[in-house]
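Structural features, examined
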Amino acid sequence: MGTLCSHVPVEILHAFGVLPVRLWGQAEEIGRADALLQTYICPPVRNLMALSLSGRYDFLDGLIHTYCCDATCGLFNIWRRNRKPRFSRMVSLPYQATEEAVDYAVAEFRGLIDALADFTGKPFSEETLAGSIRLYEQARGLLRDLYRLKKEGAAIPYSEIYRLNLLFQLLPIERFIPLCREYRPPAAEVSARQIRILLSGSVVADEEILERIEELGGRIIADDTCLGLRPLQGRIAENGDPLRALAAFYLGRPPCASRADLPSRRRYLMETIASTKAEAVIFIHQKFCDPHLSDHPLLKQTLEERGIPQLQFELEGEGGEGKGLTGQVQTRLEGFFEMLEGRAWR
Amino acid sequence: MEMKKTRKRLQANGRLREIITDFYADGHRAKAEGRPVVWIPPMNGMIELFYAMDIHPVFPENWAPLCAAIGTNRQNFTSAAERGFSGDLCGYFRNNVGYALAGIEEPNQPLGGLPKPDFLISFGAGCIPTQKTFQVLCDHFRVPVIRADLPQVAMEEIKEHHIRYGVVQTERVVRFLEEKTGHRLDMDRLRQAVIYTDEACRLWDEIMALRATVPAPFSAAEIGIMFVMVTRHGTKIAVDFLREVLAEVKEKVARGEGVIPNERIRLFWDNIPLWYNMAIFNYFEKWDAVVVAETYSAAWSLRLDPERPMESLVYKSLVSYPLVSCVSLEKRLELIVKAVREYKIDGAILHSNRSCKPISMGQMDIGRVLAEKLGCPSVMFDGDHMDGDRFSFAQFQTRIDAFMEMLRERKNL
């Protein structure tokens, strides 16, 4: 089943023997999407529509989304109407994590459970769900360990953590866990001169940019992105009703720009900077992304008040795989790192 | 030459102008008299609650069209841009943020400007630009804020647990308001407000149904009457005004009086109007064409139960945004197909609106469904409901003129 948001409760899918496949990507011809979407919709959404229309996702049995932003909601409904997947479900989560909100989220999850039971012909069992939760908790823990090692100085390229993170969202979890456990970072020294970077954005999926940041002397020690560390944070309580624990976990996630308010995003950004000793923030945004572009000026202001340098650029998504690192982005990154090095020498 | 001011023909427009002026004057009166002023999003706004508690509601989203009509939107956009907000963001957002952060301190604002809020309601609900507008406002005005939830659910998917959760959230808002004002919510007054809203919705439907008459008694140029549906729900003002409109429209229908002398082509308008250029609706008249229905025609087709006031308001709030956006794409398509049938539409004008992604997404499907199901042709043009710089009248003309000629040929005119 394809999933469009990191709030989709993958544990429930797993409990029905359904493989969750996180969807992202860059189409060869983004213009294919123009038949169904306007060009002022963000590149990730247009790319997904183009990929879907090119038949890349024909192997999927269905599509599941948790309501987040306007553009992905539109994508979900337009996809469902035009591509007619055999199964589709929107889960509407509340925006807070109060007791009543958890009750409500449990009801939404139950709706998903009933629909999946119908679709797969399998009964739901709490024990199976508890088992699925244990597997995903294990996998998230392994990935968090990699982030921690990197933060503590291990020479793990961020792009490798990123790739493992994608595998976590694509492979059967039983295959991912041994693969992640066997991962050994390349033996290389980390230069003491590297600058600790926090990355922020939504679907940040351009490996060339990630690699370039580290080539220029940055070390991405943490991120605040949909495909990165944000979905790995938090723990699912082991005692009690597993469905309730799962609901509380998803509602208690680090703040997402589409769902959270500004104070909680600001707090999370500053806490992450403090706990990772990040020296600078790079915001990688998607053109036309309302949630992130609305938050950015105020987050930038907070960083400036605290003397933390930041860089922001927007990706336009044209031109296929790996084309995010345009000449302009390259120049801005180089200028930013020159400035950071200058500061370090002073 | 490009005309900006629309030609309105309903007598009720005189009364509407008074209602608009009075609504804004009332805000200033409230401030002067020490009555609390609250800024709220119109979608999920629960206006009735505020009127029942003598709190004056201010709707930035209703203020923005006024700024666009008068022209202060440009300065507000500049103020937002100076603070780093991207020009790609929704025009309501840029206008309201620019106004709140700068324009509010400037003299010569339309209708005396907006009174500053004594507190703010920040909803997790509605479209992202509305949510974000309120987050910026909460950050700027250092006043008490309550954050409440109302999840987005397609109208056809609303279940008991959605209503239940909405009621819990509304009760939180009530407790917050009671604490801040020191007054208890009087349930009888709330019930009365719900009765007014229910009657307003009923009248709205009755008025809109009369537009199915050939010739149509009024066009989209008069859509300003929805001002009372946004700002005066829960009050007698809306009910009295809509009764007046209904009576006038009924008389027009009885006399067989149309918008123009010789109506030959009937159009549907999808998406928000160009608030800075409402004369666009008169543009079609040179082909004897009238825009007889639009996105908002069916936006308040619901009934409220005064015996269950909270549940009714929650339901109204839950459907208000999905019904006109891509959240309820299937329901929206169903309503448009119904409108095209009932209003005897010859062609649809789809305003692809850079300022509103959630209403614009799905328009390609709308065009195709109308063509395939009803053989109704449509045309799409690029525009923006707030920002005139993103709308080219020349390009609009090129597309629309060709479309209108095609419609004329189809009808053998």
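Residues numbered from 1 in each chain as written. Chains lettered and ligands numbered in written order. Predicted model: local features only at pLDDT ≥ 70, side-chain atom pairs only at ≥ 80, totals over all residues.

Once that is clear, we can look at the sheet that holds strand E1 (residues 37-39) of chain B. Residue and element names in this part refer to chain B. Strand order in the open sheet formed by 4 strands is E2-E1-E3-E4, and the pairing between neighbours is parallel. In this open sheet, the two strands that pair with only one neighbour each are strand E2 (56-58) and strand E4 (145-149). With strand direction ignored, the average angle separating the axes of adjacent strands in the sheet is 25°. Pairing geometry for E1 and E2, over 3 bridges, is parallel. Bridging from a neighbouring strand, Val-37 pairs with His-56 of E2. Sheet contacts for helix H1 (residues 12-33): E1 and E2; angle to E2, the most-contacted strand, approximately 130°. (Pairing = 2+ DSSP bridges. Helix = DSSP H or I, 4+ residues; strand = E, 2+ residues; numbered from the N terminus. Axes fitted to C-alpha atoms, helices over the stretch in contact; angles between N-to-C directions. Contact = placed C-beta atoms within 7 Å.)

This part covers the domain arrangement of chain A. Residues and elements named next belong to chain A. What the domain assignment lists for chain A is domain 1 (2-120) and domain 2 (191-345). Computed from C-alpha atoms alone, the centre-to-centre distance between domain 1 and domain 2 is 23 Å. If you look at the interface, domain 1 gives 27 residues, while domain 2 gives 30 residues. Elements with a minimum of two residues in the side of domain 1 that touches domain 2: helix H2 (43-53) and helix H4 (99-120). Among the elements that take part in the side of domain 1 that touches domain 2, H4 stands out by supplying 5 residues, more than any other. Tallied by class, the residues present in the side of domain 1 that touches domain 2 amount to 19 nonpolar, 4 polar and 4 charged. (Domains from an automatic or database assignment. Nonpolar A, V, L, I, M, F, W, Y, C, P; charged D, E, K, R; others polar.)

So, on to the nonpolar core. Counting 233 residues, the largest nonpolar core has A:Ile197, B:Val38, B:Ala200, B:Leu242, B:Leu267 and B:Phe268 as its most contacted members. Of all the elements, helix H8 (residues 187-210) of chain B adds the most residues to this core, at 10 residues. In this structure, B:Val38 is in contact with B:Phe50, B:Ile55, B:Pro57, B:Val58, B:Pro117, B:Asp118, B:Phe119, B:Leu120 and B:Ile121, ignoring residues within four places of it in sequence. (Core = buried A, V, L, I, M, F, W, Y, C linked by C-beta atoms within 7 Å. Buried ≥ 20, exposed ≤ 12 C-beta atoms within 10 Å, placed from the backbone.)

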